[in-house]
Structure formats: structure tokens, C-alpha cells
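Chain by chain, the residues run as shown.
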Amino acid sequence: MPKNADSDKPDRSGPTKGKALRDSLEVLNRNLAEGLRTADRLQRDASRLVEESARLAAELVEQRREMSRLHDRLHRSEGRRAAREEELRRAYERAERADRAKARFLSAASHDLRQPIQAAALYTHILRGAVDANPAAREAADLLQASIDSLSGMLGGLLDLARLEAGAVDVAITEFRPDALMRHLAQEFRESAVTEGTSLHVHPCGVAVRTDARLLARILTHLLSNAIRHGGGDGRRVLLGCRRRPAALEFQVWDDGRGIPPDARAAIFEEFHQLDNPERSAAKGFGLGLPLVARMARLLGLALDLRSEVGRGTVFTVTVPRATLPPDPDPDHRLTAAARAMAAVATSATATATATATATASPTERMKGRRVLLVEDDERVRHAMTMLLKRWGVRVTAVGSAEELADRLPRLRSRPHVVLADHRLPRGQTGRTVAELVRRRWDVPVIIITGDTAPERLREARSIGCRLLHKPVEPGDLAATLDEVMER
């Protein structure tokens, strides 16, 4: 058989290979197209990333600029804050200086304004004693005394208001029984109640309280004075009493007078506001009592209340926290002899007449021939005090300063029975300076007289064993105090 015998037969594998090649090309084309699409997508994504990166870079640059601006503002704010803090510090220092200046002014005003009143009161007392035989002169002296009392009362009220407004009133909270205080108030207001045609009744209750005793006494004093002046008269009654409340004691001042209309109950606590004094008579006060009561109650945190019915009367109440002192078997055992006498006088008309007669005669009689060392820088007060003491038969050595006292002391041959010293003396010297100077030589009782009503004056006087009197000093009070310390 020939070698290529089968070469003329048709090749059947050709179409198959061509189809496979075409399929491969189609797949390749599809893959290529898909690759191109992917590449195009990647290119678009890359473009977006580039744009996003550019945007982020721009934002970062802007944020850095904003941070720089914020840093600058913060730096300026810190500077302004520091400046504000410095301004606040300076303002606080100015306020403190102003408070200290107000305190100094009030202290100086209290002293300096009371000095001429003290001198006038002493001269008036001397004048009244010298003109008993002349009715017209006696009447003029009485009117002068009334004018001085009115001036002293207004000045005292205004200074008290100023001290309360300035925060210059110290508060000393203690636990005590107010019975002796209430009996003392009964004695103090007995005469004025009789003058006004009013019967005064006081009912203590033996319960201890916790507050400032001095300020509570002033609150009740103003309320009683107000009730007697404006709620009494024509046989009416005024009552000072107290009622037990849960954890508190309620002091009440009642009157059965004309009452206070509802639309006027807020106004009566305003300065110089009076319902029944259109003529502004000084005999009815100046409208300072109730404003002082409201401020002192607020300072002590005490509840002040008012109930009134027109035509039937008024009651003011002050609620004070109760204290837990043990029962007192003898409520009067801590009172001085004078206080016990006043308590007895408060409940006995006979005792009142007897005590009054004794008080007006005995002290000055017992002082005759005694020696008083007087230290007072105000010439008018020193002269008036010297005249008054000499009228009582007292031998007086008077000097105007601590330096003059130091110079005179070695030359004094006789020990004085008592020293009377003004608290505020020249060149910063005080009554304490006087007491220390005198006591280097003699153990002598010292009475310090001051126009400064600050509580620290009383504490200071007690700390050095001295008595304290406040200007203007009534001659009767001066005589009683001198008699008491001399007898000791």
C-alpha cells in the first residue's frame, strides 16, 4: 500500500480548533474588556481618592489655621480672664477697704457726735438743779432736756441702722434665761407707761433661749416702746409675755389699741414711717424702732410676725430657739442686788416708791468727799463732768489725755476711789491705757465711758475688769454706777 494513501481524506479537526480559538479569543476579549472596565473604575477611584486627599489636606490646613486662631483667642481670653481676676481682686480689696472705712466712720461718728450731746445733757442737768426756785427757768430747762433726749434718741437710732446696714454689728449667741431681762424691761418702762395712761404687764415663763441677749433686749425694748406710744393710752393695756412652742419660745408684745390696717403693715417697717404722727412729734418717736427690730431679727435669724385687728389691737411676736439649760431652782440667784431690786419694783407699787426715793437721794449723799480721777479729752465734756461731780460733793482731778495722766500720777498724794475714763483718747490711747497706767500704782475701780456701742467694747472692758457706760450717760445712771463701784 502506498505511504500517503490516506492524504486525500478530509481533515476533520480543523473546525474544532478554530472554534476553540475563537472561544479563547472571546474569553480573552471579555477578560480584556472587564480588565479595562476595572482599570477605568480603579482610575476613577484613584481620582476620587486624590480629590478626597486634596480636600482632606485643605481641611487639615484650615483646621490648623482654625486651631491657630483658637489658640490666639484662648491666649487673649486667658489674658482677659487674668485681667478680670485682677479687676475682681482689686474690687474686693476696695470693698473691704470701704467696709473698714464705714466701720471707722461709724465708730468715729458714734463717738464724735455723742460728745456734744453728752456735754449738753450734763450742763442741762446742772442747770435744772440750779433753777428749781424759778418756774419759767425750770420749764425751759425741762424743754431743753427733752430736746436733748430727742436728739440723742434719733442719733442713736440712725447710727444703729447704719451699723446694721454696714454689717458692723457683732453677734454673740449664748444660752440664757430671759426672765431677768423681762423684769428689767418692766421696771424700765413702768414710768413711761404710767405717763401714757397705760397699764404694763410682764409675764416671764422660766424657759431658756439661745440667741444674742443684747440684741434680743433691744428688739423687745423697741417693741415695748412702740406699743406704749402708739397702742396704749386711755387706760389701755400693754403685755410682754412668752409662749412655749416646739423647740422655740415666742416673745409677744400685745396692746389693745387702734390696730394697724392691712395695707399699712409693710410700711411700718420702713424708716421714718409712722401711722399716727402726721405732725412729726418727737414725743412719739421718729419711726426708727420697727425698722431696727426687723433688721436685728433678720441678723439673728429670728422670725418676726405681726397680727392686728383694727379697733382691737396688735401683737408683735419674735420666735427664738429654745436652749437646753438645766432647771434653775432660783431664777434670781445670778442677779445683782440692783437687778433684784428692779425685779421686786416691777411687781410692787410700794417698792417702786421706796426704791425711787432711795435711788434719788442715797448715791450722791454717799459720794460726798470721795475722790474721782477723770480722764476726758473733750474740754466741754470734761468741764461739765467736773461741775456735776463737784455739785455732788466729789473731789475731782481731771486730765485730758493719757500722757497728762502719766505726768500727774506721781504727784497725786491720795488714792482715788474710782477712775472715770473716756474710751477714745488722743494719739490712739484708750480707756484701757488709762486703766493700765493707774493700776501700776493703785488697785482702783475703773469706769470707761464710750459712745461706741460695738460689743467688743463691752468684752474689752470686762476683760480688764472695768465697768462700761455708753454716752450720753444720764446723771442718775452715772451716780448709781459710781456709788456701786465705790461701795465695793
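As recorded in an unreviewed UniProt entry, the protein chain goes by histidine kinase and comes from Azospirillum argentinense. For the record of the protein chain, the UniProt heading Catalytic activity (unreviewed entry) holds the text "ATP + protein L-histidine = ADP + protein N-phospho-L-histidine."

What exactly am I supposed to notice about the sheet that holds strand β6 (residues 303–309) here?
Strand pairing in a sheet takes place through backbone hydrogen bonds and is either antiparallel or parallel in direction. The 5 strands lie next to each other as β2-β4-β5-β7-β6, forming an open sheet whose pairing is mixed. Each edge of the open sheet is held by one strand with a lone partner, namely β2 (199–203) and β6. The mean angle between the axes of side-by-side strands here comes to 15 degrees, regardless of whether they run parallel or antiparallel. Two elements, β6 and strand β7 (residues 313–321), share 7 bridges in a ladder whose sense is antiparallel. Bridge pairing links Leu306 to Phe316 in β7.

Can you help me understand the layout of surface pockets in this one?
A probe matching the size of a water molecule, rolled over the atoms, marks out where space remains unfilled. Considered as a void within the structure, the second largest pocket measures approximately 280 Å³ in volume. Within the residue set of the lining of the second largest pocket, elements represented by two or more residues are β4 (237–245), β5 (248–255), β6 and β7. In the lining of the second largest pocket, the residues fall into 4 nonpolar, 4 polar and 6 charged.

Would you explain helix α4 (residues 213–230) in this entry?
For the α-helix, the turn length of 3.6 residues means that residues three or four positions removed from each other point alike. The first and last C-alpha atoms of α4 sit 26 Å apart over 18 residues, in line with the 26 Å expected at 1.5 Å per residue. Burial in α4 covers these residues: Leu215, Leu216, Ala217, Ile219, Leu220, Leu223, Leu224, Ser225, Asn226, Ala227, Ile228 and His230. Sitting at the amino-terminal end of α4 is Asp212, which places a side-chain oxygen 2.9 Å from the backbone nitrogen of Arg214.

Even after reading the chapter, I still don't get the sheet that holds strand β9 (residues 395–399), so can you show me in this structure?
Read across the open sheet, the 5 strands follow the order β9-β8-β10-β11-β12; overall the sheet is parallel. Strands with a single pairing partner mark the edges of an open sheet, and in this sheet they are β9 and β12 (467–470). Across the sheet, the axes of successive neighbouring strands diverge by a mean angle of 20 degrees, strand direction being ignored. Along the sheet face, helix α10 (residues 431–439) touches β8 (371–375), β10 (418–422) and β11 (446–450) and points at about 150 degrees away from the line of β10.

Could you clarify how one ought to interpret the side chain of Thr314 in this entry?
Note that Thr314 resides in strand β7. Among the polar contacts listed, one links the side chain of Thr314 to the side chain of Ser308, at a separation of 2.8 Å. Beyond its immediate chain neighbours, meaning those up to four positions away, Thr314 contacts Val253, Trp254, Asp255, Gly259, Ile260, Leu306, Arg307 and Ser308.

It is not clear to me how the UniProt feature "modified residue: 4-aspartylphosphate" (unreviewed entry) in the protein chain should be interpreted in this structure. Could you clarify?
Sequence positions flagged by UniProt for "modified residue: 4-aspartylphosphate" (unreviewed entry) are, in local numbering, Asp422. Within the element layout of this structure, Asp422 appears in strand β10.

Rules and cut-offs
Residues numbered from 1 in each chain as written. Predicted model: local features only at pLDDT ≥ 70, side-chain atom pairs only at ≥ 80, totals over all residues. Heavy atoms only, no water. UniProt positions renumbered as here; feature names shortened; annotations may be inferred. Pairing = 2+ DSSP bridges. Helix = DSSP H or I, 4+ residues; strand = E, 2+ residues; numbered from the N terminus. Axes fitted to C-alpha atoms, helices over the stretch in contact; angles between N-to-C directions. 1 Å grid on protein atoms, 1.4 Å probe; cavity = no way out; pocket = protein on both sides within 12 Å on 5 of 7 lines; lining within 4 Å. Points joined across faces, edges and corners; volume = space filled by probe spheres on them. Nonpolar A, V, L, I, M, F, W, Y, C, P; charged D, E, K, R; others polar. Expected span 1.5 Å × (residues − 1). Buried < 20%, exposed > 50% of the residue type's maximum accessible area, 1.4 Å probe, protein only. Polar contact = N/O pair within 3.5 Å; in protein donor to acceptor, adjacent residues only side chain to side chain. Contact = heavy atoms within 4.5 Å.

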